[in-house]
Amino acid sequence: MDPRIPRLRRKLAAIPFQPLRSHSFGEEQHEFRLGPKPAEARVAAFEAEHDIALPDAYRQFLTHISGSGAGPYYGLMPLERCSLLVMNPREEPGAPRGFDDAEPGGRGRDLFLHVIEMGCTDVCVIAVTGPLTGRVLIGNSDGFWGPNVSSATDFLDWYERWLNHMSAGRDNRALELTSPQLRAHPDRHRMAPKI
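By the naming in an unreviewed UniProt entry, the chain goes by SMI1/KNR4 family protein and is assigned to Streptomyces cyaneofuscatus.

Enquirer: Quick question: what am I supposed to make of the nonpolar core here?
Expert: Within soluble globular proteins, side chains that are nonpolar tend to cluster in buried spots. Ranked by internal contacts, the top residues of the largest apolar core, which has 43 residues, are Tyr-58, Leu-113, Phe-155, Trp-158, Tyr-159 and Trp-162. Put simply, the parts of the chain that give this core at least two residues each are α1 (4–14), α3 (40–50), α4 (56–64), β2 (83–87), β4 (111–117), β5 (122–127), β6 (136–140) and α5 (155–167). Ranked by the residues each element gives to this core, the list is headed by α5, at seven residues. Of all hydrophobic cores here, the second largest spans eight residues; its members include Leu-85, Met-87, Phe-99 and Leu-137.

Enquirer: What's the story with α5 in this structure? I'm lost.
Expert: Because an α-helix packs 3.6 residues into every turn, residues spaced three or four apart end up facing the same way. Compared with an ideal rise of 1.5 Å per residue, which puts 13 residues at 18 Å, α5 spans 18 Å between its outermost C-alpha atoms and is within 8% of the ideal. Listing the buried residues of α5 in full gives Phe-155, Leu-156, Trp-158, Tyr-159, Glu-160, Trp-162, Leu-163, His-165 and Met-166. The N-terminus of α5 is capped by Asp-154, whose side-chain oxygen sits 3.2 Å from the backbone nitrogen of Leu-156. One or two steps after α5, the chain reaches Gly-169, where phi turns positive at roughly 70°.

Enquirer: What am I meant to see in the side chain of Glu-160 here?
Expert: Looking at the secondary structure, you find Glu-160 in helix α5. Exposure remark for Glu-160: the relative accessible area of 8% places this residue in the buried category. Looking at Glu-160, its side chain comes within polar contact range of the side chain of Arg-7, at 2.6 Å. Setting aside chain neighbours within four positions, we find Glu-160 in contact with Arg-7, Leu-8 and Lys-11.

Rules used in this analysis
Residues numbered from 1 in each chain as written. Predicted model: local features only at pLDDT ≥ 70, side-chain atom pairs only at ≥ 80, totals over all residues. Heavy atoms only, no water. Core = buried A, V, L, I, M, F, W, Y, C linked by side-chain atoms within 4.5 Å. Buried < 20%, exposed > 50% of the residue type's maximum accessible area, 1.4 Å probe, protein only. Helix = DSSP H or I, 4+ residues; strand = E, 2+ residues; numbered from the N terminus. Expected span 1.5 Å × (residues − 1). Polar contact = N/O pair within 3.5 Å; in protein donor to acceptor, adjacent residues only side chain to side chain. Contact = heavy atoms within 4.5 Å.

Right, dumping it as structure tokens:
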């Protein structure tokens, strides 16, 4: 088991009780509760069904922490709701790229697993194949704004960054965190930092 797992469990358990923490968009949906962990056999069956290997950090999160619930935005989707996506080809130089459903059995393009519910057509994905394997990307499936690759090295680092920034009471547009100071300000919608 990855040594970060127990630390993440402790941090997540403490978050709801920290009075000066940031507000996480969508927290009312998951209320910082975790869903059940999928059995190892269920995770292996998902991988076999889709002919993929889940990135190790995400797989460890699933099998040692939870398969759904508390997470950025509206939270982690259960494995059975996760879908494989491919990034759209670039239409013209500088144009943002969106995501489409991956064709069953289709190869030749990098695959991304949609794992976090963001709402509307925004997606939070983990790269499953290709040069970004294991990295978290946030984008818009319709290509209204281009994908942003997190600097976190893997899913566990990305999830811990969300917990750390929230615990510190920070604003973070990429993770949709609002500090207590900004939430209290009457013009907070004008003051939010740009991405």
